[in-house]
Amino acid sequence: MAKYLLLKHYRGAPAPVNDVPMAQWTPEEISAHVTYMNDFATRLEETGEYVDSQALAPEGTFVRYDGAGRPPVTDGPFAETKDVIAGWMVIDVDTYERALALAGELSAAPGAGGKPIHEWLELRPFLGAHPTVTGCPH
């Protein structure tokens, strides 16, 4: 089995079809989205493919080392353009094709109006965990 990271973005990925920010959703739409995500994770737990997942706040700070004896540097001159991760899920699947299928299914989580978001999810294999299958770009 190979582990993959499914990244959900607040900002930085191509715009989804149903491109209404979550801050503008109704409480019922948020609840339906969270329920979909939880049900998806539960189903993967039952097949042994779920590893972990977390939602993240939109606020964050980029930090980097700035040299010995100097304080770390935070953000940059263009913080508003940085990629912002909304959350992630780690899956452990037999094939790259299965990872693609699950990412596509997760992309259908409901959003505004109860319609699927069709959001772009970033699918990344863990280093050293690439399955040997046709179609895997690695």
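Right above here is the structure, for reference.
Cut-off values and rules
Residues numbered from 1 in each chain as written. Predicted model: local features only at pLDDT ≥ 70, side-chain atom pairs only at ≥ 80, totals over all residues. Heavy atoms only, no water. Pairing = 2+ DSSP bridges. Helix = DSSP H or I, 4+ residues; strand = E, 2+ residues; numbered from the N terminus. Axes fitted to C-alpha atoms, helices over the stretch in contact; angles between N-to-C directions. Contact = heavy atoms within 4.5 Å. Core = buried A, V, L, I, M, F, W, Y, C linked by side-chain atoms within 4.5 Å. Buried < 20%, exposed > 50% of the residue type's maximum accessible area, 1.4 Å probe, protein only. 1 Å grid on protein atoms, 1.4 Å probe; cavity = no way out; pocket = protein on both sides within 12 Å on 5 of 7 lines; lining within 4 Å. Points joined across faces, edges and corners; volume = space filled by probe spheres on them. Nonpolar A, V, L, I, M, F, W, Y, C, P; charged D, E, K, R; others polar. Phe/Tyr/Trp six-rings, centres within 6.5 Å; stacked < 30°, edge-to-face > 60°. Parallel < 35°, antiparallel > 145°, perpendicular 65-115°, else oblique. Left-handed = near helix turned anticlockwise from the far one by under 90°.

Draft legend 1. Local environment of the sheet that holds strand S5 (residues 84-93). Taken in spatial order, the four strands line up as S2-S5-S1-S6 in an open sheet, and their pairing is antiparallel. Every interior strand has two partners, whereas the edge strands, strand S2 (50-55) and strand S6 (122-125), have only one. Adjacent strand axes in the sheet meet at a mean angle of 20°, parallel and antiparallel pairs treated alike. In the packing of helix H1 (residues 27-47) onto the sheet, the strands contacted are strand S1 (2-11), S2 and S5, and the crossing angle to S5 comes to about 20°.

Draft legend 2. Inspection of the side chain of Glu49 at higher detail. Within the secondary structure layout, Glu49 lies in the loop between H1 and S2. With near-sequence residues (within four places) excluded, Glu49 lies in contact with Leu44, Val90, Ile91, Asp92, Val93, Arg98 and Leu102.

Draft legend 3. Layout of the nonpolar core. One finds Tyr4, Leu44, Met89 and Ile91 to be the most contacted residues of the largest nonpolar core, which totals 18 residues. Tallying contributions element by element places helix H2 (residues 96-106) first for this core, with five residues. With residues up to four places along the chain from it excluded, the contact list for Ile91 reads Ala2, Lys3, Tyr4, Leu6, Leu44, Glu49, Val51, Ala99 and Leu102.

Draft legend 4. How the structure looks around the layout of surface pockets. In this model, the largest pocket occupies a volume close to 850 Å³. Residue lining of the largest pocket: 33 residues in total, with Lys8, Tyr10, Met22, Ala86 and Glu119 positioned closest to the centre. Put simply, the parts of the chain that give the lining of the largest pocket at least two residues each are S1, H1, S2 and S5. With five residues, H1 is the single largest residue contributor to the lining of the largest pocket. Class assignment for the residues of the lining of the largest pocket results in 21 nonpolar, eight polar and four charged. By volume, the second largest pocket is sized at about 150 Å³. In terms of lining, the second largest pocket is formed by Tyr96, Leu100, Ala103, Gly104, Ser107, His118, Glu119, Trp120, Leu121 and Leu123. Sorting elements by how many residues they give to the lining of the second largest pocket places H2 first, with four residues.

Draft legend 5. View of the packing of aromatic side chains. Evaluation of the coordinates by the stated rule reveals one aromatic pair. Arranged with centres 6.3 Å apart and planes meeting at 50°, the rings of Tyr4 and Tyr96 form a pair that is tilted. With Tyr4 in strand S1 and Tyr96 in helix H2, this residue pair connects regions lying 92 residues apart in the sequence. With respect to burial, Tyr4 and Tyr96 carry one shared label: buried.

Draft legend 6. Layout of the packing of H1 against H2. Between H1 and H2, the shortest axis-to-axis distance is 11 Å and the interhelical angle comes to 155°. Classified by the angle their axes make, H1 and H2 are roughly antiparallel. Taken as a pair, H1 and H2 cross one another with a handedness that is right-handed. Two secondary-structure elements touch here, H1 through Tyr36, Met37, Phe40, Arg43 and Leu44 and H2 through Arg98, Leu102, Glu105 and Leu106.

Draft legend 7. Looking closely at the environment of Ile117. Inspection of the secondary structure assignment puts Ile117 in the loop between H2 and S6. Take Ile117: its relative accessible area is 6%, and that puts it in the buried class. Along the primary structure Ile117 and Pro16 are separated by 101 residues, whereas in three dimensions their C-alpha atoms are 6.2 Å apart. When near neighbours in sequence (up to four residues on either side) are disregarded, Ile117 contacts Pro16, Val17, Asn18, Trp25, His33, Ser107, Ala108, Ala109, Pro110 and Gly111.

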